[in-house]
Amino acid sequence: MKLSVVTERGEDDGGVAHGARLLAFVDAVQGCDDDAIERERAALRSVVSPEAFVDVCALVASFNVVDRVADATGIPLDPMLYAMSGDIREELHLARFRSAGNTPGAR
Amino acid sequence: MALRVIDPDYGAAGVPVREDLKEAHRFLLDHVRAPGTWWTGQERVSIAAASRGAPACGLCQARKESLSPGAIAGRHRAAGALREDVVDAVHRIRIDPARLSKPWFDEVIAGGLAEGPYVEMVAVTALVAGLDYFARAIGIPPFPLSAPLPGEPSRYRPAAAKPEGAWVPMIAPEDASGHEADLYGEAAIVPNIVRALSLVPSEVRALRRAAETHYVPVAQISDPTVRRALDRPQMELVAARVSALNECFY
């Protein structure tokens, strides 16, 4: 996977099947434009199976839960994950997020 | 009083929803309205309603757009009997979690909300956010919140919970015994996100139930071969984008 697509907007699939459609749908659901959700939902459903579409919806739900739990409880990134994720954090500039301050040494 | 949770209606989605997801949604809706550890069923439903109502709150929108959210005064759009400081915390967690901070948390606790009720409030707020995002994504109305169940909170505080580097006390995996022996399942490694709510063990169980149906079971997270109808790179791309948009470092 091309990591930069996680934080960039565009039509790049990032080496993931239907990556651009997946990202555009997530952006729409996380945003405030209901018309955009309708449009991106239709676009995504035209390229993935119904079962896969439901999986996307479930993942969006799940990470909206865990992100809030993580940020509201101030948990640090686990030491093993921290040690393994240095390149990813650097490439995506994750230290700019305020919650990086919950992990000693991350900012 | 309705004793049975209102069954979600997925009809408008136009796609078949997995049975395990439907069961998880029913479980979570029932969990939210039941008496908890520190809050009554009525209070938990009020927290759930406050979480759901936060996106329509004018004060929260103004704060979200402000460089200094704490400098924007006003009253939240909320109904019910929750204290204003509780509504404020619920709305901030729902709308602007990326800008929560240790000083903010300390202020909430100094204001009179103890750590146990805080953790339970976080859980209800976040779980309802998840249910709402599922409905929004799949194209159905938000799941109805059922009437609260009667009963008193258990007020159970696990003795094993202690400072572990987060803002709130947590139970270390090696200390999860007795009533908490089941808390972390069979996972060889228990990440902090699973431990985060352990000051209120029943919320860890609810979070695990949600995660194993909506993502993958904790014990399988590190196995790259585990997938659903989406392949694993697709799953991780979606997860990473959500967390990036939420500006969540974890």
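Scroll up for the structure.
No experiment lies behind these values; they were computed from the predicted model shown.

**With respect to the overall build of chain B**
Of the regular secondary structure elements, chain B holds 9 helices and 0 strands. The N-to-C order of helical and strand elements in chain B reads α-α-α-α-α-α-α-α-α. Compactness check: chain B gives a C-alpha radius of gyration of 18 Å against a globular reference of 18 Å for 250 residues, within 12% of the reference. Out of the 250 residues belonging to chain B, those deemed buried represent 54%. Across chain B, contacts joining residues at least 24 apart in sequence account for 64% of those joining residues at least 6 apart. Split by element, the accessible area of chain B, about 10,500 Å² in all, is 55% carbon and sulfur. Looking at chain B, you have 28 positive and 30 negative side-chain charges, and the mean spots of the two groups are 4 Å apart.

**Re the overall build of chain A**
On a plain count of helices and strands, chain A comes out with 5 helices and 0 strands. For chain A, the N- to C-terminal ordering of α and β elements is α-α-α-α-α. Its C-alpha atoms give chain A principal-axis dimensions of about 45 × 30 × 25 Å. Looking at chain A as a whole, 54% of its 107 residues qualify as buried. The long-range share in chain A, meaning contacts at least 24 apart out of those at least 6 apart in sequence, stands at 36%. Summed over all atoms, the accessible surface of chain A reaches about 4,800 Å², with 53% contributed by carbon and sulfur. Positive and negative side-chain charges of chain A, numbering 11 and 18 respectively, have mean locations separated by a distance of 5 Å.

**A few points about the interface of chain A and chain B**
By a widely used convention, the size of an interface equals the accessible area lost when the partners come together. Listed as interface residues are 67 residues of chain A and, on the opposing side, 62 residues of chain B. Summing both partners gives a buried area of about 5,800 Å² for chain A against chain B, and 69% of it is carried by carbon and sulfur. In this structure, the connection of chain A to chain B is made through 3 salt bridges. The tally of links between chain A and chain B comes to 29 residue pairs in polar contact (both at pLDDT 80 or more). Looking at the side of chain A that touches chain B, the elements that each hand over two or more residues are helix H1 (19–30), helix H2 (34–45), helix H3 (50–73) and helix H4 (79–84) of chain A. Split into classes, the residues belonging to the side of chain A that touches chain B amount to 39 nonpolar, 13 polar and 15 charged.

Reading the values: rules and limits
Residues numbered from 1 in each chain as written. Chains lettered and ligands numbered in written order. Predicted model: local features only at pLDDT ≥ 70, side-chain atom pairs only at ≥ 80, totals over all residues. Heavy atoms only, no water. Helix = DSSP H or I, 4+ residues; strand = E, 2+ residues; numbered from the N terminus. Rg over C-alpha atoms; globule rule 2.2 N^0.38 Å. Buried < 20%, exposed > 50% of the residue type's maximum accessible area, 1.4 Å probe, protein only. Contact = heavy atoms within 4.5 Å. Areas by Shrake-Rupley, 256 points an atom, 1.4 Å probe, with all protein chains shown as cover. Lys, Arg positive; Asp, Glu negative; His and termini not counted. Charge placed at Lys NZ, Arg CZ, Asp CG, Glu CD. Buried area = accessible area lost by both parts, 1.4 Å probe. Salt bridge = Lys/Arg side-chain N within 4 Å of Asp/Glu carboxyl O. Polar contact = N/O pair within 3.5 Å; in protein donor to acceptor, adjacent residues only side chain to side chain. Nonpolar A, V, L, I, M, F, W, Y, C, P; charged D, E, K, R; others polar.

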